[in-house]
Amino acid sequence: MTAASIAKDLRAAIRSGTYKPGDRLPSEAALMSNYGVARMTARHGLSMLKDEGLTVTRHGSGVFVRSFEPIVRTGATGQADEGTVTAEIDETGAGLVVRTLAVTAEAEPSEKIRTALGLAEGDKVTVRERLHLRERKPVLFATSYLPASIAAGTPIADQEVGAGGTHARLAEAGHAPVRFREDVVGRMPTIEEIEELRIEPGTPVLAVTRTAFTKDGSAIEVSHVVLDAGEFMLRYDIS
């Protein structure tokens, strides 16, 4: 009996509902006895399930089936902004809290941000960093970049942007976003992202670059969003 065979049996038991979310899987000792294998083989079988994101290890307690109650993020609403109704992206009813971490009124953009926003050499950007929490657990980190010529000196550059969020302030200034483009990449998290989002080992992230455009086709905002893939499901309606 190989570790892969043990993992296959346990995976099938999880998918059939024999082991439900939150249930404890058999211990290494139990697997050794049931399958007649060495401890390392049993341990490797369990670690394969963790690497697939099916289980979590609680030190001192054992290995448990991971619970997945996804926050549904639709392409129409995107990530919640300060002042918006969090239910717009949370169809589970769990509720998200948006925390503004930092605001920089004028900063030097990277070349990619400069190009994406169509800025000239020397133009600055306003940067907003936000963390979204679900029941006190960070699930999404977002950094938004806007032309400082539009955002600096407005509530967009304040800690509290006001009711309706950044997009409401842009609309008031005559730069309402009317179209969005998202580029989504699935990858493993960086060390900083693991710490920031408190991600379980083996859990990937979804890296989203979201660009907002005004009616005349100008890019008005670029947001880099990192989501804990163990917490989110992305939904896009395509006509």
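Now for a quick tour of the structure. The shown structure was predicted, so the numbers you read here are calculated from the model rather than taken from an experiment. (Residues numbered from 1 in each chain as written. Predicted model: local features only at pLDDT ≥ 70, side-chain atom pairs only at ≥ 80, totals over all residues. Heavy atoms only, no water.)

**Re the overall build of the protein**
Argument step 1. Counting secondary structure elements, the protein contains 7 helices and 10 strands.
Argument step 2. If one aligns the C-alpha atoms of the protein with their principal axes, the spans along those axes are about 70 × 35 × 35 Å.
Argument step 3. In the protein, which comprises 239 residues, the share counted as buried stands at 42%.
Argument step 4. Considering only contacts within the protein whose residues lie at least 6 apart along the sequence, 60% involve residues at least 24 apart.
Argument step 5. Of the roughly 12400 Å² of accessible surface on the protein, 52% is carried by carbon and sulfur atoms.
Argument step 6. Averaging the coordinates of the 28 positive side-chain charges in the protein and doing the same for the 33 negative ones gives two points 7 Å apart. (Helix = DSSP H or I, 4+ residues; strand = E, 2+ residues; numbered from the N terminus. Buried < 20%, exposed > 50% of the residue type's maximum accessible area, 1.4 Å probe, protein only. Contact = heavy atoms within 4.5 Å. Areas by Shrake-Rupley, 256 points an atom, 1.4 Å probe, with all protein chains shown as cover. Lys, Arg positive; Asp, Glu negative; His and termini not counted. Charge placed at Lys NZ, Arg CZ, Asp CG, Glu CD.)

**Here we look at the sheet that holds strand S8 (residues 205-213)**
Strand pairs in the sheet, formed through backbone hydrogen bonds, run parallel or antiparallel to each other.
Argument step 1. With respect to topology, 6 strands assemble into an open sheet ordered S4-S5-S6-S9-S8-S7, the strand pairing being antiparallel. Bordering the open sheet on either side are strand S4 (97-107) and strand S7 (179-187), each of which pairs with just one other strand. Taking the axes of each pair of neighbouring strands and ignoring which way they run, one obtains an average angle of 15° across the sheet.
Argument step 2. Across the face of the sheet, helix H6 (residues 165-172) comes into contact with strand S5 (125-134), strand S6 (137-147), S7 and strand S9 (219-228) while running at roughly 175° to S9. (Pairing = 2+ DSSP bridges. Axes fitted to C-alpha atoms, helices over the stretch in contact; angles between N-to-C directions.)

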